[in-house]
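Geometric and topological summary
Listed below, chain by chain, are the residues.
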Amino acid sequence: MGDPMEAPPLVEEEPRRSQRGDNAVLPECWRKLGVALESAGSQADAIGALSTSVDLLRRNQGHSSSVQFADGLANAFKSLGIGLKNASRYEEALQAYAEGLKIRETLPPGCNRQDWLSAAAWLHSNRARVFEDMKDYPSAIKAQRAAIEIHRRLFRESKTRERTEHLCDSIANLSLTHQKVGRYSESLTLTAEAIELRKTMPEGCNRAEWLANIAWLHLDRSETFRKDGRFEEAIQEVRRAEPLIRRIDAPASRKLVTGVLAMCCKEKAAALKGFERHEESRLAQEEEAMHRRLLFRMEATPERARDLAEALDRLSECWVLAQQDTLASTAKQEANDLRSDRKSTR
């Protein structure tokens, strides 16, 4: 294979043949190339292509005032920001997102107001992710609150499935950040709000995914209670999550259901361990390993192998506490074999 950056002249031919005079076509080709290279793991080439997209649009900025052009430039900055974040170039990523927000701060005539504001909210959310990676949690919380403020406004105007999901997702993200810094009360208040918002299932939503998202919120609350040393309340949240996920009986959702049940078992085992109820914890851990094996059989990806190996490590620790050295060794060996198989396939 040659240099991946040799590809752009091929995509440049389309605007030449059409002679459209559209200053946004070629930059969009570069942006899409950058996104594809990013997906393929070619970070340096991806950033180069995404930067070219931004540069081409900026050169023509004074020659076009259309909504489409402004939207394209804001999206180009967003894509560049994502590429820079994934390359751990955090300050540059923040700058790219800031440039995108400058464009989104003004509502141009003829734009779809809700879509324009929603795009601004996601830029704030992306900035929050960068701050999280930098361990700058106060700035992450500030950016997340800015996103939530926009999503709340849009939700009040239109309580659609999409607006509900966007608001709930933003609230859940802020909740997890509060949890990371030990602000458990704030985290629990936010997840309670998100659960309340999801109590009404909007028309047209995917029932399985909707119920699974509520179950995930209960599991987030369980983790928060557990980290705060409130083990009984942590177990109660798992018990609220399990019936929700067991209500999903669609064959197409089997993988989703199995994944959430695995997390229910993992969280239950951790909470029971906090109580020093080791036998019950082991049983929950065995059940998690069973679900992880099922997931691995459905989809033998490196991620599934990693999750199963980690579950087996935890099960091995449970067997050590039970003084069952042979079973502990067997579980540990299975985990090590999974890791060896992953290394050999790289």
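Residues numbered from 1 in each chain as written. Predicted model: local features only at pLDDT ≥ 70, side-chain atom pairs only at ≥ 80, totals over all residues. Heavy atoms only, no water.

Looking now at the overall build of the protein. The helix and strand tally for the protein stands at 15 helices and zero strands. Taken along the three principal axes of its C-alpha coordinates, the protein extends 75 × 50 × 40 Å. For the protein, long-range pairs separated by at least 24 residues make up 59% of all intrachain contacts whose partners lie at least 6 apart in sequence. (Helix = DSSP H or I, 4+ residues; strand = E, 2+ residues; numbered from the N terminus. Contact = heavy atoms within 4.5 Å.)

Here we come to the packing of helix α4 (residues 67-86) against helix α6 (residues 113-133). Between α4 and α6, the shortest axis-to-axis distance is 11 Å and the interhelical angle comes to 15°. The orientation of α4 with respect to α6, classified from their angle, is roughly parallel. Two packed elements cross with a definite hand, and for α4 against α6 that hand is left-handed. Judged by residue contacts, V67, A70, D71, K78, I82 and K85 of α4 engage W116, L123, N126, R129, V130 and D133 from α6. (Axes fitted to C-alpha atoms, helices over the stretch in contact; angles between N-to-C directions. Parallel < 35°, antiparallel > 145°, perpendicular 65-115°, else oblique. Left-handed = near helix turned anticlockwise from the far one by under 90°.)

Turning to the environment of E92, a few remarks are in order. In this structure, E92 sits in helix α5 (residues 90-104). Taking relative accessible area as the criterion, E92 reaches 38% and is therefore assigned partly exposed. Remark: the alpha-carbon pair of E92 and G81, spanning eleven residues in sequence, is separated by 7.4 Å. Side-chain polar atoms of E92 contact the side chain of R89, separated by 2.8 Å. (Buried < 20%, exposed > 50% of the residue type's maximum accessible area, 1.4 Å probe, protein only. Polar contact = N/O pair within 3.5 Å; in protein donor to acceptor, adjacent residues only side chain to side chain.)

Glancing now at unusual backbone geometry. The general pattern is negative phi for most residues beyond glycine and trans for most peptide bonds. Its identity as a non-glycine residue notwithstanding, K135 has a phi of 65°, on the positive side. For K135, the location among the structural elements is in the loop between α6 and α7 (137-157). When its relative accessible area of 59% is taken as the criterion, K135 is described as exposed. In this structure, E276 is a non-glycine residue whose phi angle is positive, near 65°. Mapped onto the elements, E276 comes out in the loop between α12 (254-274) and α13 (278-298). For E276, a relative accessible area of 61% translates into the label exposed.

Each full turn of the α-helix corresponds to 3.6 residues, which orients residues three or four apart in the same direction. Taking 1.5 Å per residue, 21 residues should reach 30 Å; α12 reaches 30 Å between its end C-alpha atoms and fits that length. Backbone geometry just downstream of α12 places E276 in the positive-phi region, at approximately 65°. (Expected span 1.5 Å × (residues − 1).)

For the rest of this paragraph, the subject is the nonpolar core. With 32 residues, the main nonpolar core has F77, L80, L84, I103 and I150 as its most contacted residues. Elements with a contribution of two residues or more to this core: α3 (43-59), α4, α5, α6 and α7. Ignoring anything within four residues of it in the chain, the contact list for I150 reads L117, A120, A121 and H124. C205, A215, I248 and C264 belong to the second largest nonpolar core, which has 17 residues in total. (Core = buried A, V, L, I, M, F, W, Y, C linked by side-chain atoms within 4.5 Å.)

Between helix α2 (residues 25-39) and α4, the shortest axis-to-axis distance is 10 Å and the interhelical angle comes to 25°. As far as their axial angle goes, α4 and α2 are roughly parallel. Relative to α4, the crossing made by α2 is left-handed. Contacts between α2 and α4 involve R31, V35 and E38 from the first element and N75, A76, S79, G83 and N86 from the second. Tallied by class, residues from the contact of α2 with α4 come to two nonpolar, four polar and two charged. (Nonpolar A, V, L, I, M, F, W, Y, C, P; charged D, E, K, R; others polar.)

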